[in-house]
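# What the coordinates show
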Amino acid sequence: MQHRFVSQTGSRRVILFFAGWAMDAAPFEGLRRPGYDIAVFWDYRDLYQDWSILKDYDEVCLVAWSFGVYAASVALAGIERRITLRIAINGTLAPVDRLTGIPPRIFQGTLDSLNERNLYKFNRRMCGSSEAFAAFMEHAPKRNIDELRDELKAMNPVSMFAPDQIKHWDVALISTDDAIVPCVNQWRAWQHTTVRMLEGYHLVDFQRILDHFVIDKVNMGECFERGFKSYDRNADVQRRIVELMEMLARRSSLGAHIALPGARVLEIGSGTGSLSRIVDAICGPLSYFEMWDIAGRQPVEGRLRAFKCYDAETAIRRVPACSFDCVVSASTIQWFNSPKNFLHECCRVLAPGGYMLLSTFVEGNLATVAAASGRSLPLLSAREWENALPEGFEVGYFETIERTLRFDTPIEAFEHLRSTGVNSLGRSSQAMSMSAIIRRFPQSLDGTYRINYRCLVMLLRKILTK
């Protein structure tokens, strides 16, 4: 296996991009994502890699395409816990399979007839359109046919011995007109994974995928820092969500649980402290309360109160198991690269009998903003969250809350977003101007401009083990 860093800026975060068969780094040289280095991997004749190249990175994200999905699942299996986000694009964990990959007959035909002419035809089918093919050929890989034939043989089921693989992926992206890996086979392969359909062919716009699915955490932190003073005055919906969370905490046994002497409570995304002050009031004087936030400052003071400026998504992996009796978080975890993975880490650090009280925005949130800007967070639906709940938890509350705010002008709507920091959707290579977004912002029949919020609130308890 070979690799090359196509973007190296000294970041503490890295994206590992596993390309498809017959590729090298050339077609992907232009990939960029602020706040991340990017390394491209190819040549899967041998899947060994010395992963000491990742020793200086706090966060590792994985984006894999085509045969690269299988290659990444095997090559990275030994360091699976280091990876937060895992995106599979037009590939499966069984690269050659009648039902969940490329049908063996088609695969063998490609292998038997491989030459320069047929490779040209393969690339043409992969690209789909003549425009995409022309663009691809301007930066086409330069590898010899014998090497590519050996790479195909390495993917042959005859030579595969059921190696360890990364089985849990955050999302599988499937193109509707994929002429390489049948769409229906991909669908079957990812039945237990969140699936998103893409209009197009086997070769996709990888930059657009990075822009949408990989969170620009640097920009996010800066936006929330700028909105710190104005947040409480304008975050009416978020305040109502916190009020609901307070009611749940006080009316359930969670409140008594964290009031016990020595109870240990962790808050993720303390921000301006709207939830922090409520939790602090419920906690007993001898309870330990630790607050984490990627920006901001300590919301509440005290001898057993601590604030840490952390990226919680990476910091949680360093916390020993059963370290806390309660984890709380309000309107934060939708900003993580892998909220599902984070939920499982919270389960690990929670002691038996402990509680999680969480709120997060879900699919359909800020729909009018997404329609106007063409940008949105990769949010999960409430059903996908339900499917992501770890085993060993009982559900005390699991409800979606919807609120709509009305404004006289689209400018007022975006001023509201700016004042709360929630317009931090990250820098995009395809971002349009604010004036263009305002022109596109949909007007309701009553003449107002609406912003809708859709939030999921969860109260979970880790079942006591016998």
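See above for the structure.
Right, let's walk through the structure included here. (Residues numbered from 1 in each chain as written. Predicted model: local features only at pLDDT ≥ 70, side-chain atom pairs only at ≥ 80, totals over all residues. Heavy atoms only, no water.)

## Concerning the layout of surface pockets
What counts, and what does not: Residues are said to line a cavity or pocket when one of their atoms sits within 4 Å of a point; the points come from a 1 Å grid over protein atoms alone, cavities being sets where a 1.4 Å probe fits but cannot get out and pockets being open sets with protein on both sides within 12 Å along at least five of seven lines. Grid points are joined across faces, edges and corners, and a volume is the space filled by probe spheres set on the points. Comment: elements are numbered from the N terminus, with helices defined as DSSP H or I runs of at least four residues and strands as E runs of at least two. Residues are sorted three ways: Asp, Glu, Lys and Arg are charged, Ala, Val, Leu, Ile, Met, Phe, Trp, Tyr, Cys and Pro are nonpolar, and all the rest, Gly among them, are polar.
When its volume is computed, the second largest pocket comes out at roughly 940 Å³. Lining the second largest pocket are 32 residues, with H168, W169, H192, K340 and H344 sitting closest to its centre. Of all elements in the fold, only β5 (83-89), α6 (183-189), α14 (339-349) and α16 (382-388) reach the threshold of two or more residues within the lining of the second largest pocket. Looking at the lining of the second largest pocket element by element, the count peaks at 5 residues for α14. Of the residues belonging to the lining of the second largest pocket, the class tally is 9 nonpolar, 11 polar and 12 charged.

## A look at the sheet that holds β5
Operational definition: Two strands are counted as paired when DSSP detects at least two bridges linking them. Only the stretch in contact is used when a helix axis is fitted, and all axes are lines through C-alpha atoms; the angle between N-to-C directions ranges over 0 to 180 degrees. Should any heavy atoms of two residues lie within 4.5 Å, those residues are considered in contact.
Taking strand neighbours across the sheet as the criterion, the 7 strands line up as β1-β3-β2-β4-β5-β6-β7 in an open arrangement whose pairing is mixed. Edge positions in the open sheet fall to β1 (2-7) and β7 (195-198), since each of these has one partner strand only. Within the sheet, the average angular offset between the axes of one strand and its neighbour, ignoring direction, is 20°. Of the pairings in the sheet, the one linking strand β2 (residues 13-18) to strand β4 (residues 59-65) comprises 6 bridges and is parallel in character. Along β4, the bridge assignment pairs L16 with L62. Where helix α1 (residues 67-75) meets the sheet, it contacts β2, β4 and β5, and its direction lies at approximately 145° from that of β4. Sheet contacts for helix α7 (residues 206-213): β2, β3 (37-42), β4, β5, β6 (171-175) and β7; angle to β5, the most-contacted strand, approximately 145°.

## Re the pairing of strand β11 (residues 324-330)
Quick note on the threshold: The buried label applies to any residue whose accessible area, calculated with a 1.4 Å probe on protein chains only, is under 20% of its type's maximum; exposed applies above 50%, and partly exposed to all values in between. Handedness is read with the strands pointing away from the viewer; a crossover is right-handed when the path from the first strand over the helix to the second is clockwise.
Within β11, 7 of the 7 residues are buried, which leaves the element mostly enclosed by the surrounding structure. The pairing of strand β8 (residues 264-268) with β11 spans 4 bridges and is parallel. Each bridged residue has a counterpart across the sheet, and for L266 the counterpart in β11 is V327. Between the parallel pair β11 and strand β12 (residues 350-361), the chain is carried across by α14, and the sense of this crossover is right-handed.

## Structural notes on the sheet that holds strand β13 (residues 393-407)
Strand order in the open sheet formed by 7 strands is β10-β9-β8-β11-β12-β14-β13, with mixed pairing between adjacent strands. Two strands in the sheet have a free side with no partner beyond their single neighbour: β10 (305-309) and β13. If you compare each strand with its neighbour and ignore which way they point, the axes differ by 15° on average. By the bridge criterion, 5 bridges tie strand β9 (residues 288-293) to β10 in an arrangement that is parallel. The residue bridging E290 from the neighbouring strand is A306, located in β10. Those strands touched by helix α17 (residues 410-420) are β13 and β14 (449-462), and its axis lies near 30° from that of β14.

## Some words on unusual backbone geometry
Negative phi is the rule for most residues except glycine; trans is the rule for most peptide bonds. Of note in the backbone geometry, S66 takes a positive phi value of approximately 60° without being a glycine. Within the secondary structure, S66 is located in the loop between β4 and α1. Owing to a relative accessible area of 8%, S66 belongs among the buried residues under this scheme. The backbone phi angle of L366 is positive, close to 55°, even though this residue is not glycine. Within the secondary structure, L366 sits in the loop between β12 and α15 (367-373). L366 sits in the buried class, given a relative accessible area of 11%.

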